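Geometric and topological summary
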Amino acid sequence: MDLIWRGLLKAVELVVSGDPEVWRITFLTLRVSGTATLISVLLGVPAGVLLALGRFPGRRLLVSLVNTGMGLPPVVVGLWVSILLWRYGPLGFLGLMYTPTAMVVAQCAIAMPLVTGFTLAGIQQLNPKLRLQILALGASHGQLYWLLIREARLSILAAIMAGFGGVVSEVGASMMVGGTVRGQTRVLTTATVMEVSRGNLDVALALSVLLLALAWGVTYALTSLQQRGRQA
Amino acid sequence: MVKGSGRWAPLTGMVALLISLALMVGCGLGAPGGETRAAPSKPANPDLILATTTSTQDSGLLDILIPMFEQKTGYQVKPIAVGTGQALAMGERGEADVLLVHAPDAEKSVVEKGAAINRTLVMHNDFLLVGPPNDPAEVKGARTVVEALHRIVVARAVFVSRGDDSGTHKMELSLWKAAGVRPEGGWYQQSGSGMGQTLSIASEKNGYTLTDRATYLAVKKNLRLEIVLEGDGPLLNVYHVMQVNPAKFSKVNAAGARAFLEFVVARETQEVIGKFGVDKYGQALFCPDAAKSEAEVLASNSCSLP
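Scope of this entry: the structure provided in the associated data block. None of these values were measured; they are calculated from a predicted model. (Residues numbered from 1 in each chain as written. Chains lettered and ligands numbered in written order. Predicted model: local features only at pLDDT ≥ 70, side-chain atom pairs only at ≥ 80, totals over all residues. Heavy atoms only, no water.)

**Structural notes on the pattern of salt bridges**
- What the rule picks out here adds up to 21 salt bridges over all chains.
- One salt bridge in this structure joins Lys 72 of chain B and Glu 268 of chain B, with 2.9 Å as the shortest N-O distance. Linking Lys 72 of chain B in helix H3 (residues 61–73) with Glu 268 of chain B in helix H11 (residues 267–275), this pair joins segments that are 196 residues apart in sequence.
- With a relative accessible area of 42%, Lys 72 of chain B lands in the partly exposed category.
- The class of Glu 268 of chain B is partly exposed, set by a relative accessible area of 48%.
- Between Glu 294 of chain B and Arg 119 of chain B there is a salt bridge, with its nearest N and O atoms 3.9 Å apart. Note that Glu 294 of chain B is positioned in helix H13 (residues 294–299) and Arg 119 of chain B in strand E4 (residues 116–131), a separation of 175 residues in sequence.
- Arg 119 of chain B sits in the partly exposed class, given a relative accessible area of 24%.
- Residues joined in a network through salt bridges with shared partners are Glu 21, Arg 24, Arg 182 and Arg 198 of chain A together with Asp 63 of chain B. (Salt bridge = Lys/Arg side-chain N within 4 Å of Asp/Glu carboxyl O. Helix = DSSP H or I, 4+ residues; strand = E, 2+ residues; numbered from the N terminus. Buried < 20%, exposed > 50% of the residue type's maximum accessible area, 1.4 Å probe, protein only.)

In structure tokens form, the structure reads like this:
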């Protein structure tokens, strides 16, 4: 109990004192996971719409792959991305290993299936007649997709929250492709693991509180958007 | 579903939020570390990967040495703290530039294979046997580490092994070998994790474990573990630095590795190492050895500044 109390006090102390190291870590966490989520949305939402509406051979296989990908273990992603990005790996010439960009790549691989899968489910839930109606009103395919995305916006916002939540909380992949390089690739989850192994449990607890606050803050902003127009 | 102009807002709002988030955080992307440092002379290839053991990071030593080195030379070090086995494996694949590790026999074989060069003595401390304060296996009465291990086996007391091919794990296995025991059974548990974590597990399970002194001192405030045996000859823990061989791996940052090696064994750095931990733990965590030969270190476990 005493430890938890000290951890909370430490969290307040770290925030109030504006410890530059802690801010840098928090900021980097937001930057890496935010970028990964954004990329996943830009690619995953269209992919989900196409999978939901398209009719082509292999569609069922793709959908099953996306659904499996929604539970992709971060350490597996970390290992595969590492093997690709190592100096002597196939993409080694890019020199990305142990950089924030490598972490973004790994986190995209985790978030993309989540965003795609939730979008797919959301679009498929719409009444099929809606699609016919929109087409009957003379909409182009582009307009059709946009209108359907708008109709499924609640699911898509849920997809984004799931994607962000998935990557901001993962530690395995970030640790493997980023290391825990101070000031470069140290994020809240990897810093927490490191402080635990250093025996600084109060700092670790403080970082975990910051991580929860960050995840809650972003999710709250997205939830407000999702629930806007709905009477409380 | 009702449509209305207000219903556009959530999606566009969300996209705007994400984009602004990415833009906001994107500002920092170009310059890792945020502030620009006044480097004396920027090396051609400033990125340097140091593969090292968990003890140098968990004890806090790297937090002192790396900023010193970066400020002096302009290199940017990426310390990857893993077990010594993994650090050596990174070296053998050319995925690191310089290694700071503590498993002399394994190091020698990496040098023999031609993957590493310029293996140089840096420092040492010692391994300790730690266990629960009530000492159920009565290890405190043992005079040698071999005797201590026998007592643990006889008592079937819990022993937590790193089990991760780290330098400490390699040392532990060689001690069991010296004791003529093949550790097996429910009392012998492998944590598969770093030293700090393994100490926590031993503490929670009322078990014994082998630890390096630096990590034990750094984390002992959270543990119910006491030193039950120390000071026996075989428990010496010796750290070497080596360069990954640039003749074998063309992508290695040879100049940076050379600079780091020279920095670690420089007199000024060795003095810093010799004082590290005195203010916090009342004793130095590492003993600087660059001026000595390995035989001298093995012959006497005394510590004197260069």
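There is more to say, and it comes next.
**Considering helix H8 (residues 195–204) of chain B**
Residue and element names in this part refer to chain B.
- Of the residues making up H8, those classed as buried are Met 195, Gly 196, Thr 198, Leu 199, Ala 202 and Ser 203. Buried residues along H8 cover an arc of 165° about the axis, so they all sit on one side.
- A positive backbone phi angle near 55° is found at Asn 206, which sits one or two residues after H8. (Arc of directions from axis to C-beta.)

**Concerning the packing of aromatic side chains**
All names here are of chain B.
- Going through the model one piece at a time under the given rule, you end up with twelve aromatic pairs over all chains.
- Arranged with centres 5.3 Å apart and planes meeting at 75°, the rings of Phe 159 and Trp 176 form a pair that is edge-to-face. Note that Phe 159 is positioned in strand E5 (residues 159–161) and Trp 176 in helix H7 (residues 167–179), a separation of 17 residues in sequence.
- Assessed through its relative accessible area of 1%, Phe 159 is described here as buried.
- Seen in terms of ring centroids, Trp 176 and Tyr 188 are 5.9 Å apart; in terms of plane orientation they differ by 85°. Their pairing is edge-to-face. (Phe/Tyr/Trp six-rings, centres within 6.5 Å; stacked < 30°, edge-to-face > 60°.)

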